[in-house]
Structure formats: structure tokens, C-alpha cells
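Each chain is listed here by its residues.
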Amino acid sequence: MLIVVLSGLRARWASFLGGFLALALGVGLLATMGLGLSATFHAPERSPQRFASSPVVVQGQDRLTLDVRRGPDTVPVSQRLDYPQPVDKELLRELRTRWTLTTSGGPDAVGVDAPAAEVRALVGDRAQVLTGDERRNADPDPERDAQALVGLNALLGTTGGVTAFVSVFVVASTFAFAVALRRREFGLLRTAGATPGQVRRMLLAEATALGVLASATGCALGALGAPLLARTLVDDGLAPEWFAVGDATWPFHLAFWTGLTVALAGAVAASRRAGKVGPTAALREADVDTDVLPLGRALLGTGLLVTGLGLLVWTCVTEPSELLKRKTYTTLPMLLIGGVALLSPLLVRPVARLLRSRGAVGTLVRENSAASVRRTAAVAAPVLVTVALAGTLFGSAASVTRTRGVEAREQTAAQYVVSGAELRAVTGAPDGAVLSPTASTSLFVRDGAEAVVKYGARAVADPAAFAELARLPVVAGDLRDLDDRSIVVNEEFERHRIGETVEIWRADGSGPVRLRVVAVLALGTGDNGPYVTRANAPGAALDRIEARGGGAATVRALEASGGTVRTADAWAAADHPPSSPQTRLGMILVLGIALVYTVIGLANTLLMATSVRGGELASLRLAGATRAQILRVVTGEAALATAIGALLGLAVTAAVLGTLGAGLAALSAPVALVLPWATVGAAAAVCAAVAVTASALPAWRLTR
């Protein structure tokens, strides 16, 4: 058996080349992404900077800790404060009378030159006592390294997941089509006395050999590619300068065994079908496509399609805000894509029949495409994956960001908006001008008895001016009633009825404070409230001034505030760009991976499929067809299959974007959907060019 398998691999190396390349590339990408992902789990250990010379640091509380219910018990839950609390003055006096203190940069912490045990005994629970490496927590932004890796972790995780999905699909379909082309060979083996078990074992052995070789090659590629990926991320500003790939080994194990599993999974279904048929049936099926959708594939495709549609509808109805998150619009479409791709043999024939073209060439293209369902579906499926990923990923991301920009512009009646970290308040507003200064802050609110939620909020300096310029989606109440003892909330709050009381803790941990609800806002895209006055936002720095009226005098006053002055339209566009560099790179990586796989799958499928059509093309020549006509037929079939895949991909895109639009409408947000025609068209054009070329070259050789 081993000799037969190795001889078959050597004799048919060209038919296995596409599967080998796709699998090796997939394993290499998985290993690369896994190595990068492993490096994001741990930020580097940094030595203390602010109090490096002090053996002990006493720091005010930097977390809000509240008890929440977990079953029958209560447990403490902590949330980091925006501003650490200052060390108590009485405690400072006691420390100063006994030891030498070091101050640096603010009242939130002091260094103490004393034994740690004695300091802890004196401080008790009035403040934190930090020693050793814990002294880093007193440095500015101590979690900056870990936060810098959060987005990178999501980027690499998403890219790795899409890589796994596309590689599984393309490798499995390529292997299945290669096996389908060998039906005559299997029929001859059965006629010569081979048992169904021997045929199955031969195919599985071939898949194992291919999987081991391709997976080992992929791991070597991953080891070379991971450092290049790390340098690229650092050079593009998507990772901190210290980011580097470590020496983790689990990504190689994961990638290797995933590759081998994919190869075997792609061979199992085909080997079972090849082993079940008898010699006569196998020979009869060699030239006619029948039973192109096995029961297992039909059930799996239907399950994925129904699950994908069901999850989209369920999310839209129950949690429409989840549709705006990258994790949702990246993962859910894959179920739809996989379902439609698996069911594509059912869709190919009716779509191909829609072609209406006069002449012999058009008739042959239509009839051949409809009759050779396996070949047409094998070409259309990878195109469907690429077009659908391009449409759903780029379209969803662009739609969400455009909606947020439109929403921000609609929610202010200001002519000008000033923003900046060093913004100063305008003293003495010009005649006829309305100025509304606001600041970013945070509020901590209990969500029932089980959780504590941290909300990003806006602190209003002038409630009257705020009410005059704001055009927020108020569903109940009045913005003009906002004062130091009240709050404006959105519908996400547990208590969001007018007159109800909300218990909050401020950004510095002070509280609880009970505020009365005076207005309720629609949820929107997530930036609608809550709003409080500056009295409930201690330490919040002014970062935005909205202005209207006053003419040139207002512009001069705003320019003197130290911020960037823009028109409201320009501010909305600048504050909500089409996409961040990280998001853009992630989508380019995903689409690039899908496109590379599609190119490999298309080229391999069409080279194999066209190379075995020598008898058919010779019959056309005997019937009077010219060489040019035959080439037009072959390339026309490839172009039609590509078009079918693109249409199915656009159908998936329409379903996803339509659900996103319904979700935005349910959130009372503007519906500004974007279909990235340029990206989708470029992907489809590349697919068409590869398909036409890969079909024309063997056809040209066969018709010489």
C-alpha cells in the first residue's frame, strides 16, 4: 500500500501541488499568528521609575471595590479609577513624623524610606503599600504596556481565525475535487479487485503524507515569518517598540496538528464516497456529474446557513449593539459563507441557466457550466469566500464608522467644535455666541446586584448652553433640567425612567451619589450619554467646546483656547475617520489571505479540470469548432463560474449589511451603509483573471 501511495503522489504531483501549497501556507500563517499572539499575552516587566529610590511607596486607592452577588454569596469586584485618590493628609502627617518621605509628581503617592512591615502596620487600610516590583503601579499609566497589546491581540486573533476558516475550506474543497476527477481510476481499481476499504485507506494515506509534508513546511515558514510580522507591526505603529516574538512552542504544535487534521478531514468524505461505489457505477460516473451534493454536505451546509441567519436575526432583535462590534461582523458572516459555499452545487445550475446568449459559444458555456456542476461549484466557491469577506468585513467596518460620524454631526447644532488635550476654557463669550464646554469622565454604576459597570460619560460645564446646542435623541424628559443633582442616561441603564434615582460613583472613586434621571436617550451607536455636570466629574479636563453664533469674534476666542478649531462637519469627519490603521491592516491581512488562497484554489482546480478535458475538446474540433472558439468556451465557463461565485458573495454581503442596517435602525441611529464596490470589484477582477488564465493555458496546449 505504501509503495502505491508514494508512486501515486510522485505520478500525480501536479494535482496535489495546489493542496500542498494551500495547506503549507495555512499552517505557516497559523504558526506566524500564533507566535505573534503568544507574545501579546505578557507585557514586559518594567522596573519602577517614579519612586525607584524608595523601598516603600504609599499610594492612595486607585480602584473602586464594591461587593456584588455571586449566587448566595457576595464577592468584591474592582474597577480602575480614572484618577487615583490622594493620600490622606492625616496619614501623610503621621508618616512624615516617623520617616523621610519622597514626593514626585502629585499627591496620589509618596515614597517612604522605612521597613515595609512597619509602614503597613501604620497605614492599615487607609492606603496601598507597594514594595518591590509593585512600585510600578505608582508610575504614570502603569497599564500602558498591557493596554497596547489589547488591540494587537484582537487583530492577530481575528486574522488567525479567518486563516483557519479559509484554509480549511479551500484545502477540503480542493482535495475533494481532485478525488472526484479520479473516479475512473477508482473504478479501474475496483474492477481489478481492490476492496472499498483499500480505496479508502489509499486516499487517507495520501492525505496523511501530504498533510505531514505540508504541515512541516508550514511550520518552517511560520518560524521565518513571525519575526517579519513583528517588525512590520512595530514599523507601522501597531505594536509598541519593545514588541517581539518569543520562544513559545505551542503555536507550532497547534499549526502542525491543525494542518494534518484539515488534510485528513478533506479526504474522509471523498474517500467514503469513493469506497462505496461499485466498479460499474464508478466507471459510469466518470463522465457525468451525478449526486453532486452528498447528504452529509447538504446537512452541514444547511445547518451553517440556518445557524448564521438565525444568529444574525437573534442578535439584531435582542442585542443590536453587538452588530457594531468587530468580533460580531467578522465571525458571524463566516457561518453564512460556509453554508452558502457548501450548498453551492444546488445554486450553480439555476444561476447558470439564467445566462441568455446567442450563438454556439454562449450555448456551450451555459450548458457545460450547468452540466459540470462539480467543476463550476469548485471554481465559484473560493470566489464566493473572497468576495463575501471583502464585502462583509470592509462594508461593515465602513458602515459603522460612517454611521458614527453622521450621528455625531446630527447631535450638535454647533457651527464650530474645538478639541484638544490642552484645551482651556473661553472667558467672556462674544456677544451672540453660545459656548458649550464639556469634558470626558467616567461613572461607575451597579448593574443589578451582580455587576459594576464603568461608563464613559460627558461632564457639562454650562447646562443651559448644552441644552441649546445638543440635538441628542431624547426619548423621554428634557435636557434643560440637568443640574448638579441629576443625570441624563441612555436606555442601557437598568434604571432609566424619568424621576428614578441612579446611584453612581465618580471617576475618582468618590460616592456613592444619588442622581435623579431627568432625560433618557436612545442608545445609538454607543456614544449617547450618560451626561452629568462638572460637579460630578472631579478631575475631568476640558476637551471639547461647541460654539454657535458670534461671527469672527467667536472664532478668535476659540483659537485662543489652545485647541484645534474645526467646523462641525470637519470635526465629525476627523473624530470618526473611515478606519483606524490597526483595523485597516487587519482587514487587508484577512482579505489578502483569502485572495491568496482563492488564487491557489482557482489555479489548481482549473488546471486539473481543463487538463482532463482532452477528449471533449477534441470532439469539438471534429465537430467543426475552431481553436479560438474552443478557447472562448473554456474561458467563458471559467468567467461564468467566477461571476456565479461573485453573485453569491454579494448575496451574503447584502444579508449581513441588511441586518446591520436593521440593527442601526433599532438603536435609533442613522443608517449609513457602505458597500465597498472598489474592494469587491478588485477582488472579483483578480479572481476572474486567474480563472481565465488557469483555464486558457491547458486548453491552448490541448488544442495545438
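Please read these numbers as outputs of a predicted model, since none were measured by experiment. (Residues numbered from 1 in each chain as written. Predicted model: local features only at pLDDT ≥ 70, side-chain atom pairs only at ≥ 80, totals over all residues. Heavy atoms only, no water.)

Asks: Summarise the overall build of the protein; cite the residues concerned and give the values.
Replies: Helix and strand content of the protein: 21 helices and 16 strands. Taking the principal axes of its C-alpha atoms as reference, the protein extends roughly 100 × 65 × 50 Å. Going through the 704 residues of the protein one by one, you find that 49% of them count as buried. Of the contacts formed within the protein by residues at least 6 apart in sequence, a portion of 80% connects residues at least 24 apart. Summing over all exposed atoms, the protein offers an accessible surface of approximately 31,500 Å²; the carbon and sulfur share of this is 59%. (Helix = DSSP H or I, 4+ residues; strand = E, 2+ residues; numbered from the N terminus. Buried < 20%, exposed > 50% of the residue type's maximum accessible area, 1.4 Å probe, protein only. Contact = heavy atoms within 4.5 Å. Areas by Shrake-Rupley, 256 points an atom, 1.4 Å probe, with all protein chains shown as cover.)

Asks: So, the packing of aromatic side chains: which residues are in play, and what are the values?
Replies: Taken as a whole and assessed by the stated rule, the structure comprises four aromatic pairs. A centroid spacing of 4.4 Å and a plane angle of 20° characterise the contact between Tyr-455 and Phe-493, whose relative ring orientation is stacked. Taken together, the residues Tyr-455 in strand S9 (residues 451-460) and Phe-493 in the loop between strand S11 (486-490) and strand S12 (501-505) connect sequence positions 38 residues apart. Like Phe-493, Tyr-455 is buried. (Phe/Tyr/Trp six-rings, centres within 6.5 Å; stacked < 30°, edge-to-face > 60°.)

Asks: An account of helix H3 (residues 89-98) is requested, with residue identities and associated values reported.
Replies: Buried residues of H3: Leu-91, Leu-92, Glu-94 and Leu-95, and no others. Looking straight down H3, one finds that the buried residues subtend no more than 165° of arc, so they occupy a single side. Of the residues in H3, the exposed ones pointing more than 90 degrees away from the buried face are Lys-89 and Thr-97. In the core, the buried residues of H3 are packed alongside strand S1 (56-59), strand S4 (101-103), strand S5 (109-112) and helix H4 (116-123). (Arc of directions from axis to C-beta.)

Asks: Before we move on, could you go through the side chain of Thr-659 and cite the residues and values that matter?
Replies: Turning to its location among the elements, Thr-659 is positioned in helix H20 (residues 627-666). The class of Thr-659 is buried, set by a relative accessible area of 14%. Ignoring anything within four residues of it in the chain, the contact list for Thr-659 reads Leu-312, Cys-316 and Leu-323.

Asks: Summarise the pairing of strand S7 (residues 416-419); cite the residues concerned and give the values.
Replies: As paired elements, S7 and strand S15 (residues 542-548) share four bridges and run antiparallel to each other. Considered in S15, the bridge of Ser-419 is made with Arg-544. (Pairing = 2+ DSSP bridges.)

Asks: How would you explain the nonpolar core if you had to name every residue and give the values?
Replies: Counting 71 residues, the largest nonpolar core has Val-166, Leu-389 and Val-652 as its most contacted members. The biggest single contributor to this core is helix H14 (residues 373-410), with 14 residues. Those residues within four positions of Val-166 in sequence are excluded, and the remaining contacts are Val-385, Leu-389, Ala-594 and Tyr-597. One finds Trp-99, Leu-101, Val-110 and Val-129 within the second-largest nonpolar core, a separate group that totals 16 residues. (Core = buried A, V, L, I, M, F, W, Y, C linked by side-chain atoms within 4.5 Å.)

Asks: Please give an account of the sheet that holds strand S6 (residues 128-131) that cites residues and values.
Replies: Strand order in this open sheet of four strands is S4-S5-S1-S6, and the pairing throughout is antiparallel. Two strands in the sheet have a free side with no partner beyond their single neighbour: S4 and S6. Here the strands of the sheet are splayed against their neighbours by 30° on average, with no regard to which way each runs. Summarising the sheet, S1 and S6 pair through four bridges and their orientation is antiparallel. (Axes fitted to C-alpha atoms, helices over the stretch in contact; angles between N-to-C directions.)

Asks: Give me the lowdown on the pattern of salt bridges, citing residues and values where you can.
Replies: A complete count under the given rule lists 13 salt bridges for this structure. Across the pair Arg-50 and Asp-108 runs a salt bridge, and its minimum N-O distance is 3.0 Å. Of the two residues, Arg-50 is situated in the loop between helix H2 (13-39) and S1 and Asp-108 in the loop between S4 and S5; the sequence distance between them amounts to 58 residues. Taken as a pair, Arg-50 and Asp-108 share a single burial class, namely buried. A salt bridge links Glu-503 to Arg-514, with the shortest nitrogen-to-oxygen separation between them at 3.9 Å. On the criterion of sequence distance, the pair formed by Glu-503 in strand S12 and Arg-514 in strand S13 (residues 513-521) is long-range, its members being 11 residues apart. (Salt bridge = Lys/Arg side-chain N within 4 Å of Asp/Glu carboxyl O.)

Asks: I'd love a proper account of a negative patch on the surface, names of residues and values included.
Replies: A cluster of acidic side chains, namely Glu-319, Asp-447, Glu-450, Glu-492 and Glu-494, defines a negative patch on the protein surface. As for its placement among the helices and strands, Glu-492 is situated in the loop between S11 and S12. When its relative accessible area of 49% is taken as the criterion, Glu-492 is described as partly exposed. (Patch = residues over 30% accessible without salt bridge, like charges linked within 9 Å, V, L, I, M, F, W, Y side chains within 5 Å. Lys, Arg positive; Asp, Glu negative; His and termini not counted. Charge placed at Lys NZ, Arg CZ, Asp CG, Glu CD.)

Asks: Explain the confidence of the model for the protein to me, using residue names and the numbers behind them.
Replies: Residues with a pLDDT of 70 or more make up 91% of the protein, whose mean pLDDT is 83. Here helix H9 (residues 279-284) stands out as the element of the protein with the lowest mean pLDDT, 52, in contrast to strand S14 (residues 531-533), whose mean of 95 is the highest. (pLDDT = per-residue confidence, 0-100.)

Asks: Summarise the environment of Arg-50; cite the residues concerned and give the values.
Replies: Relative accessible area serves as the criterion here: at 18%, Arg-50 is assigned to the buried category. Between the C-alpha atoms of Arg-50 and Asp-235, which are 185 residues apart in sequence, the distance is 29 Å. Ignoring sequence-local partners within four residues, the contact set of Arg-50 consists of Ser-104, Gly-105, Gly-106, Asp-108, Ala-109, Ala-138 and Asp-139. Reaching out from Arg-50, the side chain makes a polar contact with the backbone oxygen of Ser-104 at a distance of 2.5 Å. A distance of 3.0 Å separates the side chain of Arg-50 from the side chain of Asp-108, its partner in a polar contact. (Polar contact = N/O pair within 3.5 Å; in protein donor to acceptor, adjacent residues only side chain to side chain.)

Asks: Describe in detail a nonpolar patch on the surface, supporting the description with residues and values.
Replies: Residues Phe-41, Trp-250 and Leu-254 make up a contiguous nonpolar surface patch of about 320 Å² in total accessible area. Mapped onto the secondary structure, Phe-41 falls in the loop between H2 and S1. By relative accessible area, which is 45% here, Phe-41 ends up partly exposed.

Asks: How would you sum up the environment of Ala-557? Please name residues and give values.
Replies: Within the fold, Ala-557 resides in helix H16 (residues 551-559). Excluding anything up to four places from it in sequence, Ala-557 contacts Val-426 and Pro-430.

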